[in-house]
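Results of the structural survey
Residues per chain are reported as follows:
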Amino acid sequence: MRNFELIGNFLLQLLPVINITLTVSVSALVLGSFIGLILTLGKIGSSRILRGIVAGYISIVRATPPIIMIFLVYYGLPFITANFFKINIEGWNRIYFVIIALTLLFSAPVAEIMRSAYLSIDKGQYEAGIMVGMNKFQIFYRIILPQATVVALPNYATALINLLKEGSLTFTIGVVDMVAKSQMIVSNNSGGYAWQTYGSLALIYWALSLAIGRVVALSEKAYQKKRQSISI
Amino acid sequence: MLNTDFMLQVAKATIKGVPVTLEIVIVSLILALPISFVFALLRLYSVKGGNQFVKLYVSFIRGTPIIAQILIVYSAFPSLLASFIGKSAFAIDPINYAYIVFTINAVASLTEVFRSALQTVDRGQYEAGTMVGMTSSQIFRRIILPQALVSALPNLTNITLGLVKNSALAFIMSVKDITAIAKTEAAFNYSFLEAYLVLWVYYLIISYAAELIFKSLELYFGRYRKQVKKRHYSNKEQLISVTTDKRRSPAQG
Amino acid sequence: MLKIRGLKKSYAENEILKGIDLDVKKGDVITIIGPSGAGKTTLLRNITTLESADSGKIEFENIQGDYSALTRQETKKLRQSIGFVFQNYNLFNNKTALQNVMEGLLTAKRMPKQEARTEALKALERVGLLEYKDQYPVQLSGGQQQRVGIARAIALKPKVIFFDEPTSALDPELVGEVLQVMRSLAHEGTTMVIVTHQMRFAQEISNKIVFMVAGRVVESGTAQAVFENPRAERTRQFLAETLVQY
């Protein structure tokens, strides 16, 4: 009983800083999707050099631990801007560095997901579209995209949950997010109630992950329903 | 510009942590394999209670960040252990806690991998096995399992890469892995970028080496999947097998 | 040798088999024909216990009783004395052609490895695939895979072999080689029960034809009787529709 009370109490203390987690995740989601889209275009494009660069980028990002990525961006970006562009960004809000690092991390799986979704669409439909007189854009927007979206959604959810979890490393460069806050609570209690505190932290993340999974599953259903009603 | 002498120094110091990082990855993987295999079977055969437990376990572990899992285990386990074996619990080498956390973490993803791999072997081969008089356990051991393991290999590669990357957080449990050493060097000399660049290279090398090993395993064990001759009719056959599978599905329950 | 009486099977509300009788004597080559959805494949799968029939009596060797009350031992015995050739071949993908044929000999018959190998090679030779013994299924054509499937069945020396549409998954140009193997088995006196849509082939090799519609046997008799003088109107209609294509 006491434990429930404690966890409830800790939840209330942690939730106010959830906005850091959400800001970081949503920003990286939007920016990472955009970069991922550009990478996808490079990867399915006709330029061999471009394809090679994109493949190399994805492979390196995939092999980089998120914490190392955050460190590299946090220490490397100011170094690059200072030495090559004579701009000092050391005074930037630290959260920007996390967002950039997570954007880079997220763009790689997004590119893979978009590419495989695109490839999963039968190209005969493209030819059929041309034969009924649609233009390239119409075919992409009306035929390819809706189908590719349905294929991509489940994997997108997984990538998004991973992004959310990687965002939990925000604290490593000194931003007070939920993880940092929970560590403060524990040290304020001189190390007491540690598992209850970190348990509360885990519960919040779990709820967020489940919510993402649920939203994506629902939109998948809605999409399929829409397609069904069209076909009838 | 970058201090290359210092980078060399970090490279030399960090190399001592490579065995620790590898140990964390390999030990956790070896511990996680049998556990997750049993978990996958609990799910597949819908074992009462076990099925629900595994479902909840997988959902929780996959839905929470590894850092939260580390903090929970690292704060809860020592005192939990102390209530059994007394004060000596606090003297345990922290790498053991790393094994525990990363095993717990890997089990969740591996369970899902085994579950889907065991499902990919089509039912027809099971039926063929019964018709040549094999028992269920013979079919499982000799036909289903070998194929499931091979089809699990690509995902196993990803999980191993994930373990390598997650292991970079072992320093939080005061394990002296490559990240811990590079961090110390960085802070001591106040040259962070150089130290982390070196550390990055280490992770890239370890990851690519792991990938290479798994790729060759895939090639070796997956040789029965390789087609020597060109089969122009393979598409049609796939179509047919899909339709018959569908037709039979109600009978399979 | 094999006697089936009143075999019934339903899925959910649908009764697929509405009481089938079938007699198989030693050396018989029986072909079951009929429109799709008649329950031919279901009949084969229920006779061979791949699916459990709702009711019906079986007499086979020293097994006697109702399908719904077969013991584990009896099921095992039944399966050991029959062979089955699947529509989709269902070869073990992780085993070579030779290993596919040896598998049942090693596990079910507990034959020593050397002996199993000899037997398996004999079976592969009978289907004309000796030189493909070390190929994996993906390296074989559909026709070759099905011939390995037949070799796997005959190696166990079953009393009767069931063929479930053995050529329907094959491209037309590969059908011939499989039929040729079946033809030679029939000439050697193998007892066979076949479901197929190859009407000319059925007419040629069968000594008995069973015509099924909607879960019932409408007509059965010698190949000559059924093909040349069908008694039932439904049979006439079916034969007119299908034979016209050949």
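Residues numbered from 1 in each chain as written. Chains lettered and ligands numbered in written order. Predicted model: local features only at pLDDT ≥ 70, side-chain atom pairs only at ≥ 80, totals over all residues. Heavy atoms only, no water.

Going by what an unreviewed UniProt entry lists, chain B is known as Amino acid ABC superfamily ATP binding cassette transporter, membrane protein and is assigned to Liquorilactobacillus aquaticus DSM 21051. Per UniProt, chain B has the following entry under Subcellular location (unreviewed entry): "Cell membrane". Listed in UniProt under the heading Sequence similarities (unreviewed entry), the comment for chain B reads: "Belongs to the binding-protein-dependent transport system permease family." (UniProt positions renumbered as here; feature names shortened; annotations may be inferred.)

In terms of regular secondary structure, chain C is built from nine helices and ten strands. The C-alpha radius of gyration of chain C comes to 18 Å, within 12% of the 18 Å expected for a compact globule of 246 residues. Referenced to the eigenvectors of the C-alpha coordinate spread, the extents of chain C come out at roughly 55 × 45 × 35 Å. For chain C, with 246 residues in total, the buried portion stands at 58%. The contacts of chain C with a sequence gap of at least 6 include a subset with a gap of at least 24, amounting to 62%. Of the roughly 10300 Å² of accessible surface on chain C, a fraction of 46% belongs to carbon and sulfur atoms. (Helix = DSSP H or I, 4+ residues; strand = E, 2+ residues; numbered from the N terminus. Rg over C-alpha atoms; globule rule 2.2 N^0.38 Å. Buried < 20%, exposed > 50% of the residue type's maximum accessible area, 1.4 Å probe, protein only. Contact = heavy atoms within 4.5 Å. Areas by Shrake-Rupley, 256 points an atom, 1.4 Å probe, with all protein chains shown as cover.)

Residue-level contacts link 42 residues of chain C with 34 residues of chain B. Of the roughly 3300 Å² buried between chain C and chain B on both sides combined, carbon and sulfur atoms contribute 53%. Linking chain C with chain B are two salt bridges, by the criterion used here. Here Arg 45 of chain C makes a salt bridge to Glu 127 of chain B, at a shortest N to O gap of 2.4 Å. Linking chain C with chain B are seven residue pairs in polar contact (both at pLDDT 80 or more), by the criterion used here. Of the residues belonging to the side of chain C that touches chain B, the class tally is 16 nonpolar, 16 polar and ten charged. (Buried area = accessible area lost by both parts, 1.4 Å probe. Salt bridge = Lys/Arg side-chain N within 4 Å of Asp/Glu carboxyl O. Polar contact = N/O pair within 3.5 Å; in protein donor to acceptor, adjacent residues only side chain to side chain. Nonpolar A, V, L, I, M, F, W, Y, C, P; charged D, E, K, R; others polar.)

This part is about the interface of chain B and chain A. Contacts between the two partners involve 36 residues from chain B, matched on the other side by 33 residues from chain A. For the chain B and chain A pair, buried surface summed over both sides reaches about 3000 Å², with 78% attributable to carbon and sulfur atoms. The tally of links between chain B and chain A comes to one salt bridge. Close ionic contact of Arg 62 of chain A with Glu 211 of chain B constitutes a salt bridge, the shortest N to O distance being 3.4 Å. Inspection of the chain B/chain A interface yields ten residue pairs in polar contact (both at pLDDT 80 or more). Among the residues making up the side of chain B that touches chain A, the classes are represented as 25 nonpolar, seven polar and four charged.

Glancing now at the UniProt feature "domain: ABC transmembrane type-1" (unreviewed entry) in chain B. Within this numbering scheme, the UniProt entry marks residues 18–214 of chain B as carrying the feature "domain: ABC transmembrane type-1" (unreviewed entry). Regarding residues 18–214 of chain B, the helix share stands at 82% and the strand share at 0%, and the terminal C-alpha atoms are separated by 19 Å.

Right, let's get into empty space enclosed by the protein. Evaluation of the coordinates by the stated rule reveals one cavity of 30 Å³ or more. Space inside the largest cavity adds up to approximately 50 Å³. What lines the largest cavity is Ala 128, Met 131 and Val 132 of chain B together with Gly 83, Phe 84, Phe 86, Gly 149, Arg 152, Ala 153 and Leu 156 of chain C. Secondary-structure elements contributing two or more residues to the lining of the largest cavity are α6 (123–131) of chain B together with β6 (82–85) and α5 (142–155) of chain C. At three residues, the largest contribution of residues to the lining of the largest cavity is made by α5 of chain C. (1 Å grid on protein atoms, 1.4 Å probe; cavity = no way out; pocket = protein on both sides within 12 Å on 5 of 7 lines; lining within 4 Å. Points joined across faces, edges and corners; volume = space filled by probe spheres on them.)

Attention now goes to the environment of Ala 69 of chain C. You can see Ala 69 of chain C is positioned in the loop between β5 (63–66) and α2 (72–80). Distance from Ala 69 of chain C to Tyr 89 of chain C, taken between C-alpha atoms, is 30 Å for residues 20 residues apart in sequence.

Here we come to the pattern of salt bridges. Counted by the stated rule, this structure contains 18 salt bridges over all chains. A salt bridge links Arg 142 of chain B to Glu 103 of chain C; the shortest N-O distance between them is 2.3 Å. Within this pair, whereas Arg 142 of chain B is found in helix α7 (residues 136–166), its partner Glu 103 of chain C is found in helix α3 (residues 97–107), the two belonging to separate chains. A relative accessible area of 2% places Glu 103 of chain C in the buried class. Note that Glu 177 of chain C and Arg 147 of chain C form a salt bridge whose closest N and O atoms lie 2.4 Å from each other. Linking Glu 177 of chain C in helix α6 (residues 172–187) with Arg 147 of chain C in helix α5, this pair joins segments that are 30 residues apart in sequence. One network of salt bridges, in which partners are shared, links Glu 127 of chain B together with Arg 45 and Glu 51 of chain C.

The next subject is the packing of helix α8 (residues 178–189) of chain B against helix α9 (residues 192–221) of chain B. Residue and element names in this part refer to chain B. The N-to-C vectors of α8 and α9 enclose an angle of 165 degrees; their axes lie 8 Å apart at closest approach. In terms of their interaxial angle, α8 and α9 are classed as roughly antiparallel. In terms of crossing hand, the pair formed by α8 and α9 is right-handed. Along the contact surface, α8 presents Ile 178, Thr 179, Ala 182, Lys 183, Ala 186 and Ala 187, while α9 presents Phe 192, Ala 195, Tyr 196, Leu 199, Tyr 202, Tyr 203 and Ile 206. Split into classes, the residues belonging to the contact of α8 with α9 amount to eleven nonpolar, one polar and one charged. (Axes fitted to C-alpha atoms, helices over the stretch in contact; angles between N-to-C directions. Parallel < 35°, antiparallel > 145°, perpendicular 65-115°, else oblique. Left-handed = near helix turned anticlockwise from the far one by under 90°.)

Listed under "transmembrane region" (unreviewed entry) in the UniProt record, and renumbered for this structure, are residues 20–45, 66–85, 97–118 and 200–221 of chain B. Along residues 97–118 of chain B one finds 100% helix and 0% strand; the C-alpha atoms at either end are 31 Å apart.

This brings us to the packing of aromatic side chains. Scanning all chains against the criterion turns up 23 aromatic pairs over all chains. Ring plane angle 5 degrees and centroid distance 4.7 Å describe the contact between Tyr 75 of chain A and Phe 192 of chain B, whose orientation is recorded as stacked. Taken together, the positions of Tyr 75 of chain A in helix α4 (residues 66–84) and Phe 192 of chain B in helix α9 put the pair across two chains. The ring centre of Tyr 220 of chain B lies 4.8 Å from the NZ or CZ of Arg 223 of chain B, which sits over that ring. The ring of Phe 92 of chain C has Arg 152 of chain C sitting right over it, with the charged end atom 4.7 Å from the ring centre. (Phe/Tyr/Trp six-rings, centres within 6.5 Å; stacked < 30°, edge-to-face > 60°. Lys NZ or Arg CZ within 6 Å of the ring centre and 35° of its normal.)

Here we take up the sheet that holds strand β2 (residues 14–24) of chain C. Residue and element names in this part refer to chain C. With antiparallel pairing, the four strands of this open sheet are ordered in space as β2-β1-β4-β5. Strands with a single pairing partner mark the edges of an open sheet, and in this sheet they are β2 and β5. Taking each pair of neighbouring strands and ignoring which way they run, the sheet shows an average axis angle of 15 degrees. As defined by bridge partners, strand β1 (residues 2–11) adjoins strand β4 (residues 55–60) across five bridges and the pair is classed as antiparallel. (Pairing = 2+ DSSP bridges.)

Residue and element names in this part refer to chain B. Looking at where Tyr 57 falls in the secondary structure, it is placed in helix α3 (residues 50–63). Classification of Tyr 57 as buried rests on a relative accessible area of 17%. Along the backbone, Tyr 57 and Ala 108 are 51 residues apart, and their C-alpha atoms lie at a distance of 7.1 Å. Not counting the four nearest positions on each side in its chain, Tyr 57 is found in contact with Phe 39, Ile 104, Val 107 and Ala 108.

Here the focus is the sheet that holds strand β3 (residues 29–33) of chain C. Residue and element names in this part refer to chain C. With respect to topology, six strands assemble into an open sheet ordered β6-β7-β8-β3-β9-β10, the strand pairing being mixed. The open sheet is flanked by β6 and β10 (216–221), the only strands paired with a single partner. Neighbour-to-neighbour, the strand axes of the sheet open up by a mean angle of 15 degrees, direction not taken into account. In terms of strand pairing, β3 meets strand β9 (residues 208–213) through four bridges, oriented parallel. When the sheet's bridge partners are listed, Ile 33 is paired in β9 with Phe 211. Sitting on the sheet, α6 is in contact with β3, β7 (160–164) and β8 (192–195), with an inclination near 150 degrees to β8. The strands that helix α9 (residues 233–243) touches are β3, β9 and β10; relative to β9, the one it contacts most, it runs at about 100 degrees.

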